[in-house]
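# Observations on the model geometry
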Amino acid sequence: MFKRNNYLALGAAVFVAVVLLSLPTSATSRLKLAFGSLFLPLFGLATATQQLPTDLAGSVLPRRELLRQIDNLRRENQQLKIQQSQSIAIARENDYLRSHFGWPQQTAWQLKLANVVLRDPANWWRTVQIDLGSRDGLRENLPVMTTDGLVGRVASVGLTRSQVILLGDRNCRVSARVENPGNDIGVLSAGGPLDNSLVELTYLASGANLKPGQNVVTSGQGGIFPKGIRIGQIVDAQPVEFGLYTEARVKLSANLGNLEQVWVVMNPQFP
Amino acid sequence: MVLATAFLAVFAEAVLPVPRSLLGAQVDLLPALMIYAALNTSLATVTLLAIFGGIWFDTLSANPLGVSILPLMTVGYPVFLQREFILRDLSFAQVILGAAASALVPALTVLLLLTGGKMPLIGWGSLWQWIVMAAGGALATPLVFGFFDWCDNALGYKPRVEPSFRLDREIRRKKK
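This report concerns the structure included in the present document. (Residues numbered from 1 in each chain as written. Chains lettered and ligands numbered in written order. Predicted model: local features only at pLDDT ≥ 70, side-chain atom pairs only at ≥ 80, totals over all residues. Heavy atoms only, no water.)

## Observations regarding the packing of helix H3 (residues 30-40) of chain B against helix H4 (residues 43-60) of chain B
Residues and elements named next belong to chain B. At a minimum axis distance of 10 Å, the contact between H3 and H4 shows a crossing angle of 170°. Relative to H4, the element H3 lies roughly antiparallel. Between H3 and H4, the residues in contact are Leu30, Leu33, Met34, Ala37 and Ala38 and Val46, Leu49, Ala50, Gly53 and Phe57, respectively. Looking at the contact of H3 with H4 residue by residue, the classes come out as 9 nonpolar, 1 polar and no charged. (Axes fitted to C-alpha atoms, helices over the stretch in contact; angles between N-to-C directions. Helix = DSSP H or I, 4+ residues; strand = E, 2+ residues; numbered from the N terminus. Parallel < 35°, antiparallel > 145°, perpendicular 65-115°, else oblique. Contact = heavy atoms within 4.5 Å. Nonpolar A, V, L, I, M, F, W, Y, C, P; charged D, E, K, R; others polar.)

## Side note on the interface of chain A and chain B
The interface of chain A with chain B comprises 46 residues on the first partner and 50 residues on the second. Between chain A and chain B, roughly 4,300 Å² of surface is buried when both sides are summed, and carbon and sulfur atoms account for 73% of that area. Looking only at chain A, the three residues that lose the most surface to chain B are Phe39, Asn123 and Trp124 of chain A, adding up to 18% of its buried area. One can count 0 salt bridges joining chain A with chain B. Where chain A packs against chain B, one counts 13 residue pairs in polar contact (both at pLDDT 80 or more). At the level of secondary structure, the elements contributing two or more residues to the side of chain A that touches chain B comprise helix H1 (4-22), helix H2 (25-36), helix H3 (40-60), strand S1 (111-119), strand S2 (127-130) and strand S7 (185-191) of chain A. Looking at the side of chain A that touches chain B element by element, the count peaks at 12 residues for H1 of chain A. In terms of residue class, the side of chain A that touches chain B is made up of 28 nonpolar, 13 polar and 5 charged. (Buried area = accessible area lost by both parts, 1.4 Å probe. Salt bridge = Lys/Arg side-chain N within 4 Å of Asp/Glu carboxyl O. Polar contact = N/O pair within 3.5 Å; in protein donor to acceptor, adjacent residues only side chain to side chain.)

## Quick notes on the sheet that holds S7 of chain A
All names here are of chain A. Taken in spatial order, the 6 strands of this closed barrel run S6-S7-S8-S11-S10-S9, and their pairing is antiparallel. Going from strand to strand, the sheet's axes swing by 45° on average, the running direction of each strand aside. As defined by bridge partners, S7 adjoins strand S8 (residues 198-204) across 3 bridges and the pair is classed as antiparallel. Its bridge partner lying in S8, Gly191 is registered against Val199. (Pairing = 2+ DSSP bridges.)

## What about unusual backbone geometry?
Residue and element names in this part refer to chain A. If you check the backbone angles, Asn183 has positive phi at about 45° while not being a glycine. Looking at Asn183, the relative accessible area reads 40%, which means it is partly exposed. Not every positive phi belongs to a glycine, and Tyr203 is a case in point at roughly 55°. (Buried < 20%, exposed > 50% of the residue type's maximum accessible area, 1.4 Å probe, protein only.)

## Some points on the sheet that holds strand S4 (residues 150-157) of chain A
Residues and elements named next belong to chain A. Spatially, the 6 strands close up into a barrel ordered S1-S2-S5-S4-S3-S12, and their pairing is antiparallel. Taken pair by pair, the neighbouring strands of this sheet meet at an average axis angle of 45°, ignoring direction. Of the strand pairs in this sheet, S2 and strand S5 (residues 162-166) are connected by 4 bridges, and their pairing is antiparallel. Of the residues in S5, the one forming a bridge with Gln129 is Gln163.

## Overview of the packing of helix H5 (residues 69-81) of chain B against helix H6 (residues 91-115) of chain B
Residues and elements named next belong to chain B. Two numbers describe how H5 lies on H6: the axes approach to 8 Å, and their chain directions differ by 145°. Crossing of H5 over H6 shows right-handed handedness. Taking contact as the criterion, the partners of Leu70, Pro71, Leu72, Thr74 and Val75 in H5 are, on H6, Ala101, Leu104, Val105, Leu108, Thr109 and Leu112. For the contact of H5 with H6, the residue count by class is 9 nonpolar, 2 polar and no charged. (Left-handed = near helix turned anticlockwise from the far one by under 90°.)

## A short note on the environment of Leu40 of chain A
Residues and elements named next belong to chain A. Mapped onto the elements of the fold, Leu40 is located in helix H3. Exposure remark for Leu40: the relative accessible area of 39% places this residue in the partly exposed category. Distance from Leu40 to Asn215, taken between C-alpha atoms, is 40 Å for residues 175 residues apart in sequence. If sequence neighbours within four positions are ignored, Leu40 has contacts with Thr160 and Arg161.

## Let's talk about the packing of aromatic side chains
Considering all chains together, one arrives at 9 aromatic pairs over all chains under this definition. With 4.4 Å between their ring centres and 15° between their planes, Phe39 of chain A and Phe7 of chain B make a pair best called stacked. With Phe39 of chain A in the loop between H2 and H3 and Phe7 of chain B in helix H1 (residues 2-15), this pair bridges two chains. By the burial criterion, Phe39 of chain A is buried, and Phe7 of chain B matches it. Here the aromatic residues Phe39 of chain A together with Phe7, Phe11, Phe52 and Trp56 of chain B are joined through ring pairs into a cluster of three or more. (Phe/Tyr/Trp six-rings, centres within 6.5 Å; stacked < 30°, edge-to-face > 60°.)

## Quick look at a nonpolar patch on the surface
A contiguous nonpolar patch, built from Leu194 of chain A together with Leu16, Val18, Leu22, Leu23, Trp124, Leu127, Trp128, Trp130 and Ile131 of chain B and spanning about 1,100 Å² of accessible area, is present on the exposed surface. Of all the secondary-structure elements, those providing two or more residues to the nonpolar patch are helix H2 (20-23) and helix H7 (125-155) of chain B. Overall, the relative accessible area of 43% leaves Val18 of chain B in the partly exposed class. (Patch = residues over 30% accessible without salt bridge, like charges linked within 9 Å, V, L, I, M, F, W, Y side chains within 5 Å. Areas by Shrake-Rupley, 256 points an atom, 1.4 Å probe, with all protein chains shown as cover.)

## What about the side chain of Gln26 of chain B?
Among the secondary structure elements, Gln26 of chain B is positioned in the loop between H2 and H3. Looking at Gln26 of chain B, its side chain comes within polar contact range of the main-chain oxygen of Glu13 of chain B, at 2.9 Å. Filtering out sequence-adjacent residues up to four positions away, Gln26 of chain B remains in contact with Pro121 and Asn123 of chain A together with Glu13, Leu16, Val18, Pro19, Arg20 and Met133 of chain B.

## Some words on H4 of chain B
Compared with the 26 Å implied by 1.5 Å per residue over 18 residues, the 26 Å span of H4 of chain B between its first and last C-alpha is a close match. Among the 18 residues of H4 of chain B, 14 are classified as buried, and the element is accordingly described as predominantly covered. (Expected span 1.5 Å × (residues − 1).)

## Observations concerning the pattern of salt bridges
Residue and element names in this part refer to chain A. Under the definition given, this model contains 3 salt bridges over all chains. Between Arg68 and Glu65 there is a salt bridge, and its shortest N-O distance comes to 2.9 Å. Of the two residues, Arg68 and Glu65 are both situated in helix H4 (residues 63-101); the distance of 3 residues between them amounts to about one turn of the helix. Here Arg249 and Asp236 are joined by a salt bridge, their closest N and O atoms 2.9 Å apart. Taken together, the positions of Arg249 in strand S11 (residues 245-252) and Asp236 in strand S10 (residues 230-240) put the pair 13 residues apart, joining distant regions of the chain. For Arg249, a relative accessible area of 37% translates into the label partly exposed.

Purely spatial values, then, with no claim about function.
Structure (structure tokens):
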């Protein structure tokens, strides 16, 4: 039953696994990039396949509908331009007041749009891969967001692709502030394995006055996420560890289950 | 052929939103492929599938590189050794083996991750994900067998069947 070849095959598998697992992190990330490059030809195919329904829908859309959409976009564009000019005036005023009080100046975020190309095939991680890499100026720990709110942070960077750890993964902890009179600060940690729209906000003060619907934003502490990015809203809260601290559930603003495009903040600033 | 299918299967798992968007879990096709390889191919193929399938899966995942190799080999190797005693052509046997393999591989992978000090996202919801993965793997295994049978028929060499009719053995009937 047990022949020499059987032992050799089993030994080879065990040897490769042990060698790979004992390699340092930098070496394994380089190996991952090398093996990941094998999938590059398939990325284009997948993108084209995903684009096909949109292209088909676009080709059969009536002209009247297209004109209506263009009209709506024009109107929205005009509104945004007015809001932008107002924001520029407010920013100038803010800069003036900051210089008056000797506070450090704030600069506008530089954002880069990225497409989500892959999701983690394992069910026990919450990560995605985006089509920007080191050649686009990405580096580790840059915040990633959508227009709805915070999504996560860049975990590892390849030449053309990067891995983003999403909120709710145990490796993506965020210092968050509840917008209530007490400005309570906690740590956003893991969510449940099934529902990726809910995450836990832990280590809140025991007397925190939390109510459902209160907004949760990044606190700016921790050195990764800049202050004031929207995260979500409080769903409920309860005291834990015999009332030592409070834990709350937060419904995320960004829809992590249906991410297609995300923004990477290239120049995060901290207070 | 098995390795190429494993490569495409891993990529498809990472790209396709279903069944994750519907059932909350992605089905892993590598255990089903491993059952096919263990029952129908050589030990070298089983080993290569465990090594390269595991590496490709870990490459697209946040898993440490190489962690999926041992669980795949743990499933494939015993099935290969006992394959003479398994009714491999029966769909029922394929479903049972597929379910067992698809349940065992993620459980062993998570166990290895926890042993290595990693922090995978597990909770009560993981039980549902585990059931979905086992059921998905059970359904996928006969499909994998069917796919490779079809490939064998379509692409494989078919031996020429000699007809029983031979000229030199023709019986001539004559009127006497």
